[in-house]
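Observations on chain architecture
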Amino acid sequence: MNDPKILVVEDDPTVRNLITTTLKANHYDHESTSNGETALLVATTGKTDIVLLDLGLPDMDGVEVIKRIRSWSQMPIIVISARSEDADKIAALDAGADDYLTKPFSVAELLARLRVTQRRLAALCSATAEPVFRNGKLTIDYGAGCAYMEDTALKLTPTEYKLLCLLAKDVGKVLTHTYLTDKIWGSSWENDMASLRVHMATLRKKVEKDPDTQYIQTHIGIGYRMLKND
Ligand code: CA
């Protein structure tokens, strides 16, 4: 991994500028955003390799951003936060953050953490033997973040894509409603259950256009599973 793309999520323009200037000076490819929703969109649809994440964002808590990214990706996430309490660090690390840098931080420290993370990322990439998932006519290209039926790209929403990835990861196994909503939204309220049904229905319409081939099986009252196809 020579040229990781770094996503900077920080709403304080001074800190954001400091980080992006540092990245630029050290020839890192990067983009930045000031809120969680855009960060999730960029991470889902773009080519992000590493996320530098502030926890206090205007639209959602950074921990929520970590949870949502972790529902479908192992991309390294380094938290950069003014919150120095142990409880905040533990919450971020438990949600799946790889590292935690407390503000104010030195540029040298940021760069050192990035180098460590790059080494970890290189190890992660070489350990992930299967960048592409295949099941019958269905293909998921994890690198590109795209799914295909035969040669046609499926136009999936980020949530549908995440659901498909979750089902593919455990093909053949039934994944419970609670497991899926927790992976996607970090919670399993009644609202999430209703949303899950809707997203799963739209996903199935796109994946199962050919009525002879079933990819997703509903287990009423339990959850869903992906069936293996030849
Ligand atoms: Ca902030």
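Residues numbered from 1 in each chain as written. Predicted model: local features only at pLDDT ≥ 70, side-chain atom pairs only at ≥ 80, totals over all residues. Heavy atoms only, no water.

**Thoughts on the packing of helix H6 (residues 158–169) against helix H8 (residues 190–207)**
For any two helices packed against each other, one specifies the crossing angle of their axes together with the interaxial distance. The line we're drawing: Axis lines are fitted to C-alpha atoms, over the contacting stretch for helices. Their N-to-C directions set the angle, which ranges from 0 to 180 degrees. Only DSSP runs of H or I covering at least 4 residues are called helices, and only runs of E covering at least 2 are called strands; the numbering of each starts at the N terminus. In this scheme, roughly parallel covers angles under 35 degrees and roughly antiparallel covers those over 145, while 65 to 115 is roughly perpendicular and the rest are oblique. Contacts were defined at the residue level, with two residues in contact if any of their heavy atoms lie within 4.5 Å. Amino acids outside the nonpolar list (Ala, Val, Leu, Ile, Met, Phe, Trp, Tyr, Cys, Pro) and the charged list (Asp, Glu, Lys, Arg) are all regarded as polar, and Gly is one of them.
Between H6 and H8, the shortest axis-to-axis distance is 9 Å and the interhelical angle comes to 80°. The orientation of H6 relative to H8 falls into the category roughly perpendicular. In contact with Thr159, Glu160, Leu163, Leu164 and Leu167 of H6, H8 contributes Leu196, His199, Met200, Thr202, Leu203, Lys206 and Val207. In terms of residue class, the contact of H6 with H8 is built from seven nonpolar, three polar and two charged.

**Digging into the pattern of salt bridges**
Heads up, the condition is: Here, a salt bridge means any Lys or Arg side-chain nitrogen found within 4 Å of an Asp or Glu carboxyl oxygen. Any residue under 20% of the maximum accessible area for its type is buried, any over 50% is exposed, and the rest in between are partly exposed; the area is computed with a 1.4 Å probe on protein chains only.
One pass over the full model with this rule turns up twelve salt bridges. Among the ionic pairs, Arg83 bridges to Asp61, the shortest N-O distance being 3.2 Å. Pair noted here: Arg83 is in the loop between strand E4 (77–81) and helix H4 (86–95) and Asp61 is in the loop between strand E3 (50–53) and helix H3 (62–70), with a separation of 22 residues, a long-range link. A residue is classified by how much of its surface remains accessible, and Arg83, at 27% relative accessible area, is partly exposed. On the basis of relative accessible area, Asp61 is assigned to the partly exposed category, the value being 34%. Between Arg70 and Asp98 there is a salt bridge, and its shortest N-O distance comes to 2.9 Å. In this pair, Arg70 is assigned in helix H3 and Asp98 in the loop between H4 and strand E5 (99–102), connecting sequence segments 28 residues apart. Take Asp98: its relative accessible area is 27%, and that puts it in the partly exposed class. When salt bridges that share partners are traced, they join Glu10, Asp54 and Lys103 into one network.

**Some words on the domain arrangement of the protein**
Going by this rule: A domain assignment, automatic or from a database, supplies the domain bounds used here. For the purposes of these results, a polar contact is taken to be a pair of N or O atoms within 3.5 Å, where, inside protein, one atom must be able to donate a hydrogen and its partner to accept one; residues adjacent in sequence count only when each atom of the pair is a side-chain atom.
Annotation of the protein at the domain level lists domain 1 (5–121) and domain 2 (128–226). A straight line from the C-alpha centre of domain 1 to that of domain 2 covers 27 Å. Contacts between the two partners involve seven residues from domain 1 and, on the opposite side, nine residues from domain 2. There are zero salt bridges connecting domain 1 and domain 2. Joining domain 1 to domain 2, the criterion identifies one residue pair in polar contact (both at pLDDT 80 or more).

**Quick look at the coordination of the calcium ion**
As a reminder of what qualifies: Sodium, potassium and calcium take a 3.2 Å donor cutoff, other metals 2.8 Å, and in both cases only N, O and S atoms count; water is not among them, so sites may look incomplete.
Coordination of the calcium ion by the protein comes from Asp11 (OD), Asp54 (OD) and Gly56 (O), over a distance range of 2.2 to 2.4 Å. Positions of the donor residues of the calcium ion, expressed as sequence spacing, correspond to D-x42-D-x1-G. Separated by 45 residues along the polypeptide, Asp11 in the loop between strand E1 (5–9) and helix H1 (13–25) and Gly56 in the loop between E3 and H3 bring together distant segments of the chain.

**With respect to the nonpolar core**
The nonpolar side chains of a soluble globular protein tend to be buried with one another. Under the convention used in this document: Only buried residues count toward a nonpolar core. Its members are Ala, Val, Leu, Ile, Met, Phe, Trp, Tyr and Cys residues joined through side-chain atoms within 4.5 Å.
Counting 26 residues, the largest nonpolar core has Leu138, Ile140, Leu164, Leu180, Met200 and Leu203 as the members making the most contacts within it. Sorting the residues of this core by element identifies strand E7 (138–141), strand E8 (146–149), H6, helix H7 (177–185), H8 and strand E12 (223–226) as the ones contributing at least two each. A total of seven residues in this core trace back to one element, the largest contributor, which is H6. With residues up to four places along the chain from it excluded, the contact list for Ile140 reads Pro131, Val132, Phe133, Cys146, Ala147, Tyr161, Leu164, Cys165 and Ala168. Ala39, Val51, Leu55 and Ile77 belong to the second largest nonpolar core, which has 22 residues in total.

**Observations concerning a negative patch on the surface**
This is how the line gets drawn: The residues that make up patches have over 30% relative accessible area and no salt bridge, and they are joined within 9 Å when like-charged or within 5 Å when they are Val, Leu, Ile, Met, Phe, Trp or Tyr. Each accessible area is a Shrake-Rupley result for a 1.4 Å probe, and residues are judged covered by the shown protein chains and nothing else. Charge counting follows a simple rule: Lys and Arg are positive, Asp and Glu are negative, and His as well as the terminal groups are ignored. Charge coordinates come from a single atom per side chain, which is NZ of Lys, CZ of Arg, CG of Asp or CD of Glu.
Together, Asp11, Asp12, Glu37 and Asp59 make up a negatively charged patch on the protein surface. Residue Asp11 is classed as partly exposed on the basis of its relative accessible area, which comes to 31%.

**Considering H1**
Threshold: By this rule the span expected of a helix is its residue count minus one, scaled by 1.5 Å. Directions drawn from the helix axis to the C-beta atoms are what define this arc.
With 13 residues, H1 should cover 18 Å at 1.5 Å per step; its first-to-last C-alpha distance of 18 Å lies within 8% of that length. Taken as a whole, H1 has its buried residues at Val15, Arg16, Ile19, Thr20, Thr22 and Leu23. One face of H1 carries all of its buried residues, which in axial projection span an arc of 155°. Relative to its buried face, H1 has exposed residues pointing more than 90 degrees away, namely Thr14, Thr21, Lys24 and Ala25. N-capping of H1 is provided by Asp12, with a side-chain oxygen placed 2.9 Å from the backbone N of Thr14. Once H1 finishes, His27 follows within two positions and takes phi at roughly 60°, a positive value.

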